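Overview (structure and organization)
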Amino acid sequence: MNGVFSDGTALDLAAGVRVALGAPADDATFTLTEDVTGDRRAITVASVPDALADLTERCLRWPQATAVCGDVLRALDPAGSTFAGVITESLAYSTLQSGAEFARWLADRGPAQVPEFPDPVVAERNNDTLTIRFNRPQRHNAFSTDARAALLEALEVARLDPSVSEVVLAGNGPSFCSGGDLAEFGTFTDPAGAHLARTRHSPALVLDEITARLGAACRAEVHGQVQGSGLEMAAFCGWVRCHPDAVLGLPELALGLIPGAGGTVSITRRIGRWRAAYLVLSGRSVDAATALQWGLVDEIG
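Let me begin by describing the structure that accompanies this report. Note that the coordinates shown come from a computational prediction; the quantities given were computed from them, not determined experimentally. (Residues numbered from 1 in each chain as written. Predicted model: local features only at pLDDT ≥ 70, side-chain atom pairs only at ≥ 80, totals over all residues. Heavy atoms only, no water.)

Strand order in the open sheet formed by 3 strands is β9-β11-β12, with mixed pairing between adjacent strands. Each having just a single partner strand, β9 (225–227) and β12 (286–287) make up the two edges of the open sheet. Sheet analysis places β9 next to strand β11 (residues 247–249), joined by 3 bridges and oriented parallel. Bridged to Q225 within β11 is V247. (Pairing = 2+ DSSP bridges. Helix = DSSP H or I, 4+ residues; strand = E, 2+ residues; numbered from the N terminus.)

Rendered as structure tokens:
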């Protein structure tokens, strides 16, 4: 700890975020340490003072999203209902869509656009294996409304046909999925309608149902940018194979939002609420080796 802090120290940064230093603590948002640790409550960083400074700046810039993130993660029962978790997340997400922090991001970005590409998702069945690929490589497979509809259509085949014994979720081009397509954010002007669209047409819920039936035979193969909704959906799969070049993260806080594709459920189940909170609040991505160590992915290959 470079002599700056001692084990047992805890600091209140902002918006209910309490960071413990050195010794992992259950009640903290997460713990920072400069030591290598396998404790899922703790994150190893190169410099605790530098990490604290960056986190404090981010929490103060997006205090509403920070507070809501903490509330949602603490409210989740990882062993509980996926439906309840997704509903809670979506209601919180819609609340933030109505907030000043998201409005500020929209104003900085400028007018929304809806870039259209043919066949945003492609599916192929080979015997009993259904392979589903994101197919917007020009935008690193950024997840759009039309991609969600096409993904759900493909997943319905696996959900309804018991002869499908393996599902593979992958992406064409340089990345698996770089998260939500920022160009079209804000096209839903009614947060209540957006909530209903997210939860009544949720790839997360369908993937969770398929994984409950197939286990590790529902597999994601991720590479390149694996961000936001892409990571959240992959984490619902029973097995995640990760290319060594993959970069995984949750960048939503910078929009004044939290994960909105089920990630507060799927990622928390894999790595615990402490590391899930760190990914959101820090905005930092992790490499394949760290993702494997944490349990965010199941193999590198």
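From this point, the discussion proceeds with the structure in view.
Bringing the pairing of strand β6 (residues 129–134) into the picture now. Both strand β5 (residues 121–126) and β6 contribute to a ladder of 6 bridges, which runs antiparallel. Across the sheet, the residue bridging to V121 is F134, located in β6. Between the end of β5 and the start of β6, which pair antiparallel, lie 2 residues, with N127 showing a positive phi angle near 55 degrees. In this sheet, strand β7 (residues 166–171) lies alongside β6 in parallel orientation, the contact comprising 6 bridges. Looking at β7, one finds that I132 is bridged to L169.

Think of two packed helices as two axes; the pair is described by the angle between the axes and how far apart they sit. Running from amino to carboxyl end, helix α2 (residues 63–75) crosses helix α9 (residues 263–282) at an angle of 150 degrees, the nearest separation of the two axes being 10 Å. Classified by the angle their axes make, α2 and α9 are roughly antiparallel. Remark: the crossing between α2 and α9 carries left-handed chirality. Two secondary-structure elements touch here, α2 through T66, C69, V72, L73 and R74 and α9 through T264, T268, R273, A276, A277, V280 and L281. Here the residues of the contact of α2 with α9 are counted per class, giving 7 nonpolar, 3 polar and 2 charged. (Axes fitted to C-alpha atoms, helices over the stretch in contact; angles between N-to-C directions. Parallel < 35°, antiparallel > 145°, perpendicular 65-115°, else oblique. Left-handed = near helix turned anticlockwise from the far one by under 90°. Contact = heavy atoms within 4.5 Å. Nonpolar A, V, L, I, M, F, W, Y, C, P; charged D, E, K, R; others polar.)

Of note, N172 is situated in the loop between β7 and α6 (191–200). Separated by 16 residues in sequence, N172 and E156 have C-alpha atoms that sit 21 Å apart. When neighbours within four sequence positions are excluded, N172 is seen to be in contact with V122, R133, F134, N135, P137 and N141.

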